[in-house]
Amino acid sequence: MDKLRPEYPYYLGGAAQQPNVDLVVYDKYSGAEATRVAMADAAAIDEAIALAAGAAGAMAAMPAYERQAALQGCVRRFEARQEELALALCIEAGKPIKDSRGEVTRLIDTFRVAAEESTRIVGEVLPLDISPRAHGYRGQWKRVPIGPVSLISPFNFPLNLAAHKIAPAIAAGCPFVLKPASLTPVGALLIGEVLVDAGLPAGSWSILPCPREGASQLTTDERLKLLSFTGSGEVGWALKAKAGKKKVVLELGGNAACIVDAGADLATVVPRLAFGAYYQSGQSCISVQRIFVHRSLYAELREKLVAAAMALKVGDPRDEATTLGPLISEKEARRIEGWVREAVAAGATLLCGGTRKGAMMPATLLEDVPEALPLCTEEVFGPVATLAPFDDFEDALAAVNASKFGLQAGVFTNDLQHAYRAWDALEVGGVIINDVPSWRVDHMPYGGVKESGLGREGVRFAIEDMTEIRLLVLRL
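In every chain, residue numbers begin from 1 and rise along the written sequence. Totals for whole chains, interfaces and linings use every residue, but because this is a predicted model, local features are given only for residues with pLDDT of at least 70 and side-chain atom pairs only at 80 or more, for both listing and counting. Computation of side-chain values: all heavy atoms of the structure, hydrogens and water removed.

Turning our eyes to something else, we now look at the overall build of the protein. We count a stretch as a helix when DSSP gives it H or I for four or more residues in a row; a strand needs E for two or more, and each element gets its number in order from the N terminus. Of the regular secondary structure elements, the protein holds 16 helices and 23 strands. For this measure, only C-alpha atoms enter the radius of gyration; the expected value for a globule follows 2.2 Å times N^0.38, where N is the number of residues. Against the globule reference of 23 Å for 476 residues, the protein gives a C-alpha radius of gyration of 23 Å, in line with a compact fold. Dimensions of the protein, computed from C-alpha atoms along their principal axes, come out at roughly 70 × 65 × 40 Å. Counting across all 476 residues of the protein, residues that qualify as buried make up 57%. We call two residues contacting when some pair of their heavy atoms lies within 4.5 Å. Sequence-distant contacts in the protein: of pairs separated by 6 or more residues, those separated by 24 or more amount to 73%. Categorising residues by exposure relies on relative accessible area from a 1.4 Å probe, with only protein chains included: less than 20% of the type maximum marks a residue as buried, more than 50% marks it as exposed, and the intermediate range marks it as partly exposed.

See below:
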């Protein structure tokens, strides 16, 4: 396979359906039409929700070993289709092929971890005899599926971020309806192809590309008991406001910072910063965007990081040597280029990059960027990073915390006191010591604070959100 198929169906109640070919998916590098995908209307979404609600009992009654077997079967089928999956990512997302293969391995990891966790959903015996009035009573609790769940995944990781919602839902015993991003729906639909053979209860799952209004429908319907959304803060917080009584989990991105402390080994630091800032053209919510460097290392790091950034190849994502493929659209590239120009006009120094060609943007690095400008305050979601020096470690921590976001932060330091101080002080969901904030393994708790969202992903933690505690009290 060297291209996508001409058409892809959606999945309604676990069955492939092709009522139309209304959604055009483009090759993000060439701009040519790559395939057409079926689009769900309001009636199809309503039917999917009804089917999920109707399948809740069967899904909850599915023994853990059967849910585990279903997930393990998915792992085997993904493993057999790795190159096909990677090429689909390369085409629909413009993701360099080496990064696409990496995402496929993460998809497999996520389903494998979910298979393992599906048999570890445990409860506790709870002693109640804390006072005389509880004498003769015993308690215990277990976790039960929350019920049908609504899942909305973003464009930048079409396979793995869909997997981080689908796999825990299966492990927890929750029927689901997933809306993938309209720019990159094929990855989720390929997961659907695999799920057809997973042996899940009839009607228990749907994967429906749909217009943006579909997200509102999946948010407000009271038959759905949880909304899990990954995407922009503007959309996520608006959906939360409309979600009613259901539980809401939001992963909304950030402008991740990295601190390089005095004494850090630049031979290690610079390649990791270049990776963290520019992999996948910076289209990751934990892409390195703000770099704070101890003044004793600043000049040397700046020189080395500029050289590393300029050495990164921009081009065809199918080329094994490419690091930076296209951004998701030319519109986004124009926005980012505009932010860079605004910063330079306000006194920033452009050290490299900064000028786009169509949707292509080279690795870009600036210094002396005024702190009030979007390059510092907003999420760039592109291959742009800023440099700033610091003299005191506490000042660097304060600079990281000045952001309205708080997803992950990285700290390169050889000082154990500084490592623990960063863990205590940084207002983020995760602190990565001696690596970039872009580092993630798919079973760890992942999510943010402040404008970066609510709740945590990572399979075990998503399962906790998709289950609820049910208590039993026995009077003996």
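Strand pairing is defined by DSSP finding a minimum of two bridges between the two strands. Read across the sheet, three strands follow the order 1-5-4 without closing on themselves; strand pairing throughout is mixed. Two strands bound the open sheet, and with one partner strand each, they are strand 1 (7-8) and strand 4 (23-26). Pairing between strand 1 and strand 5 (residues 33-37): two bridges, direction parallel. When the sheet's bridge partners are listed, Y8 is paired in strand 5 with V37.

Let's shift gears to the side chain of D221. With respect to the helices and strands, D221 occurs in the loop between helix 8 (213-220) and strand 11 (226-230). Judged by relative accessible area, D221 falls into the buried class, the value being 15%. Within the structure, the side chain of D221 is placed 2.7 Å from the side chain of R223, a separation counted as a polar contact. Leaving out residues up to four positions away in the same chain, D221 has contacts with D46, I49 and K246. Nitrogen and oxygen atoms within 3.5 Å of one another constitute a polar contact, given that in protein one can donate a hydrogen and the other can accept it, and given that sequence-neighbouring residues count only through two side-chain atoms.

The next thing to look at is the sheet that holds strand 20 (residues 430-433). Taking strand neighbours across the sheet as the criterion, the seven strands line up as 15-16-17-14-13-19-20 in an open arrangement whose pairing is mixed. Lying at the two open borders of the sheet, with one neighbouring strand each, are strand 15 (349-352) and strand 20. Between one strand axis and the next, the sheet turns through 25° on average, direction left out of account. Pairing geometry for strand 19 (residues 408-412) and strand 20, over four bridges, is parallel. Pairing of G410 across the sheet is with I432, part of strand 20. Between N-to-C directions, angles span 0 to 180 degrees; the directions come from axes that are lines fitted to C-alpha atoms, helices contributing only their stretch in contact. Helix-sheet contacts for helix 10 (residues 266-278) involve strand 13 (257-260), strand 14 (290-294), strand 16 (364-367), strand 17 (384-390) and strand 19, and the interaxial angle to strand 13 is about 170°.

Attention now goes to the packing of aromatic side chains. Between rings of Phe, Tyr and Trp, where Trp is taken as its six-membered ring, a pair exists when centres lie within 6.5 Å; planes separated by under 30 degrees are stacked, by over 60 edge-to-face, and by other angles tilted. The final tally for this structure, using the stated rule, is six aromatic pairs. An angle of 25° between the planes, with centres 6.4 Å apart, marks the rings of F176 and W205 as stacked. One end of the pair, F176, is in strand 9 (residues 176-179); the other, W205, is in strand 10 (residues 205-207), with 29 residues separating them in the sequence. Joined through ring pairs, the aromatic side chains of Y11, F176 and W205 make up one cluster.

Under the convention used throughout, the expected extent of a helix is 1.5 Å for every residue step, that is, one less than its residue count. Over its 13 residues, helix 6 (residues 160-172) runs 18 Å from end to end, which matches the ideal 18 Å to within 8%, given 1.5 Å per residue. Judged by how many residues are buried, helix 6 sits mostly within the fold: 13 of 13 residues are covered. Among the residues trailing helix 6, G173 stands out with phi positive, at a value near 85°.

Moving on to empty space enclosed by the protein. Method remark: on a 1 Å grid restricted to protein atoms, a set of points is classed as a cavity if a 1.4 Å probe fits but cannot get out and as a pocket if it is open with protein on both sides within 12 Å along at least five of seven lines; lining residues have an atom within 4 Å of a point. Grid points are joined across faces, edges and corners, and a volume is the space filled by probe spheres set on the points. Overall, the coordinates contain five cavities of 30 Å³ or more when judged by the stated rule. Taken as a whole, the largest cavity encloses approximately 100 Å³ of empty space. Taken together, 13 residues make up the lining of the largest cavity; nearest its centre are R106, F157, I286, R440 and Y446. Split into classes, the residues belonging to the lining of the largest cavity amount to six nonpolar, four polar and three charged. By volume, the second largest cavity is sized at about 80 Å³. As for the second largest cavity, its lining consists of 15 residues, and the residues nearest its centre are N255, A256, G406, L407 and Q408. Secondary-structure elements contributing two or more residues to the lining of the second largest cavity are strand 18 (405-406) and strand 19. Residues belonging to the lining of the second largest cavity are distributed by class as follows: nine nonpolar, five polar and one charged. Residues are grouped as follows: Ala, Val, Leu, Ile, Met, Phe, Trp, Tyr, Cys and Pro are nonpolar; Asp, Glu, Lys and Arg are charged; every other residue, Gly included, is polar.

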